Every structure is written in structure tokens, then in C-alpha cells.
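The primary structure of each chain is shown beneath.
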Amino acid sequence: MFTGIITDIGTIERVEALADTRVVIRTAYDTTTIDLGASIACSGVCLTVIDKSAGGPGPNWFAVDVSGETISRTARGQWTQGRKLNLERALRLGEELGGHIVTGHVDGIGTVESVIEEGGSHRVRIAAGPEIAPFVAPKGSITIDGVSLTVNEVEDGPGGVSIGVNIIPHTAAVTTFGSLAAGDPVNIEIDVLARYLQRMEHYRAKA
């Protein structure tokens, strides 16, 4: 379980073709505090740590295995050498829930339509498919590349939905959103509460 509050920007150091795709990620985390088998969200994708550096001062790294299924369901080009990733370690009991409840399961891939500067912030519009459309609402929560955001605008269209969010300067500085541009693919996770409400509505309609 995660909150969508990013605590490091990692960089993919290398990608190895094994039974699955092994990805080694450079991080500022002290890896002495990370257990093998721990979960880390990598740009919104919950992955299991299967190897790590010894820890201590200097650059650290951890490794994860990414299945073909995960690669097929996440943003194009995400698992390539040099790619920067938004990282968040799993929520611990008693920690502050600063964003919203995030599972690390990608529901769909969106495409950035536009990035427009407004004051010091940036207004971003993201196009998503019809599978996402029923689960977004103005002032609701959404996770984009692992970042918890508030939905400002929702515009339905024949091919899906256009979602408007606002990126404040702090968020741009501590996530990969500082380099976000039109045409970029992004991972989308809907609010888990919206998912359950849709399921409840499905069964209410059948009653």
C-alpha cells in the first residue's frame, strides 16, 4: 500500500534480459533499511526488491524483476536504461497518509495532451481511454506515474476522457513531472474507492 507521495527520483542503471526483465535502479534510499522482498512503487508500479547494494554513503541501488505482463500494461519506454522513475516505499503502520490510498496497480495508460504554465504551476491535460472515464470526477483523486493528484477537470469525449490536473512547483521539483511534455505516456491508477463504488453500483443495478 502506498500514498502517492514521492520520496525519491530513481534512475534505471541497467536492464537485463533474464526469465523476466531485471531492472537495476539507482536510488538515494539507504538500502540497509530496505529488506529483500519489500515493495517499492516505481512510477506507480508496485514491484518487489530482489537484490540491492550493501548500503551506506554514496550511490545505492536495488533490483526488481518486471514481467512481460507488467511491461505490456505500463507506459511505453518506462523500462529502459537512463529512464527516471518516481519512487515510493510502502506505507508503514502509523505513518501519515499524506496523499490517498494507492495500490501500485496500473489501470490504464494515458497520454499527455498539453502542459500549460499558469503562474508558477503547470496545468496538465491527459487523455485516457474509456476504461478510465467512469472512475474520474472533479475534485476526486487520481494517481499519475505514482503521484497522488487532485482532478481539476473532466471532459468526456467519444474516445475516452480528458483529465485536467495542476502540478505545483514543489511537485514538479521532487518528481519526474518537471520534464513532462505533450505526447508523453503516463501510468494511471484510479482511486480505489471509485473502483469499489462502481462494483457496488453494478450489483445495485442488477437487484
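Residues numbered from 1 in each chain as written. Predicted model: local features only at pLDDT ≥ 70, side-chain atom pairs only at ≥ 80, totals over all residues. Heavy atoms only, no water.

> Give me the sheet that holds strand S4 (residues 45-52): which residues, what numbers.
Strand order in the closed barrel formed by 6 strands is S1-S2-S5-S4-S3-S6, and the pairing between neighbours is antiparallel. The mean angle between the axes of side-by-side strands here comes to 45 degrees, regardless of whether they run parallel or antiparallel. Direction of pairing for S4 relative to strand S5 (residues 60-66): antiparallel, over a ladder of 3 bridges. Residue pairing for S5: Val49 is matched across the bridge by Val64. (Pairing = 2+ DSSP bridges. Helix = DSSP H or I, 4+ residues; strand = E, 2+ residues; numbered from the N terminus. Axes fitted to C-alpha atoms, helices over the stretch in contact; angles between N-to-C directions.)

> Can you explain the sheet that holds strand S10 (residues 147-157)? Please cite residues and give values.
What holds strands together in a sheet is hydrogen bonding between their backbones, with the strands either parallel or antiparallel. The strand order around the closed barrel formed by 6 strands is S7-S8-S11-S10-S9-S12, and the pairing between neighbours is antiparallel. Neighbouring strand axes in the sheet, compared pairwise and without regard to direction, differ in orientation by 45 degrees on average.

> Mind laying out the environment of Ser43, listing which residues take part and the relevant values?
Structurally, Ser43 can be placed in the loop between strand S3 (39-42) and S4. Note on Ser43: relative accessible area 4%, which makes it buried. The contact partners of Ser43, leaving out residues within four places of it in the chain, are Gln78, Lys84, Leu85, Asn86, Asp145, Gly146 and Asn187. (Buried < 20%, exposed > 50% of the residue type's maximum accessible area, 1.4 Å probe, protein only. Contact = heavy atoms within 4.5 Å.)

> Any details on the side chain of Ser53? Residues and values, ideally.
Its location among the elements puts Ser53 in the loop between S4 and S5. At 3.1 Å, the side chain of Ser53 and the side chain of Asn60 are in polar contact. For Ser53, the contacting residues outside a window of four places in its chain are Thr31, Asn60 and Trp61. (Polar contact = N/O pair within 3.5 Å; in protein donor to acceptor, adjacent residues only side chain to side chain.)

> Outline the nonpolar core, listing residues and values.
Among the nonpolar cores identified, the biggest contains 25 residues, and Ile142, Ile144, Leu149, Ile163 and Ile188 are the most heavily contacted of them. Looking at this core, the elements that each hand over two or more residues are strand S8 (121-128), strand S9 (141-144), S10, strand S11 (160-167) and strand S12 (185-190). When residues in this core are grouped by element, the largest group, 4 residues, is from S11. With near-sequence residues (within four places) excluded, Leu149 lies in contact with Gly140, Ser141, Ile142, Ile144, Val165, Asn166, Ile167 and Phe177. (Core = buried A, V, L, I, M, F, W, Y, C linked by side-chain atoms within 4.5 Å.)

> With reference to specific residues and values, describe the environment of Gly129.
Secondary-structure assignment places Gly129 in the loop between S8 and S9. When residues no more than four places from it in sequence are discounted, the contact partners of Gly129 are Gly159, Gly160 and Val161.

> Outline the environment of Leu91, listing residues and values.
Inspection of the secondary structure assignment puts Leu91 in the loop between strand S6 (84-89) and strand S7 (108-118). Look at Leu91 and you get partly exposed, because its relative accessible area is 30%. A C-alpha to C-alpha distance of 7.0 Å links Leu91 and Thr3, two positions 88 residues apart in sequence. Ignoring sequence-local partners within four residues, the contact set of Leu91 consists of Met1, Thr3, Glu96 and Leu97.

> Break down unusual backbone geometry for me, with residues and values.
In this model, Ser43 sits at a positive phi of 50 degrees, which is unusual for a non-glycine residue. Positioned with a positive phi, Lys139 is a non-glycine residue whose angle comes to about 75 degrees. Mapped onto the elements, Lys139 comes out in the loop between S8 and S9.

That is the geometry; function is a separate question.
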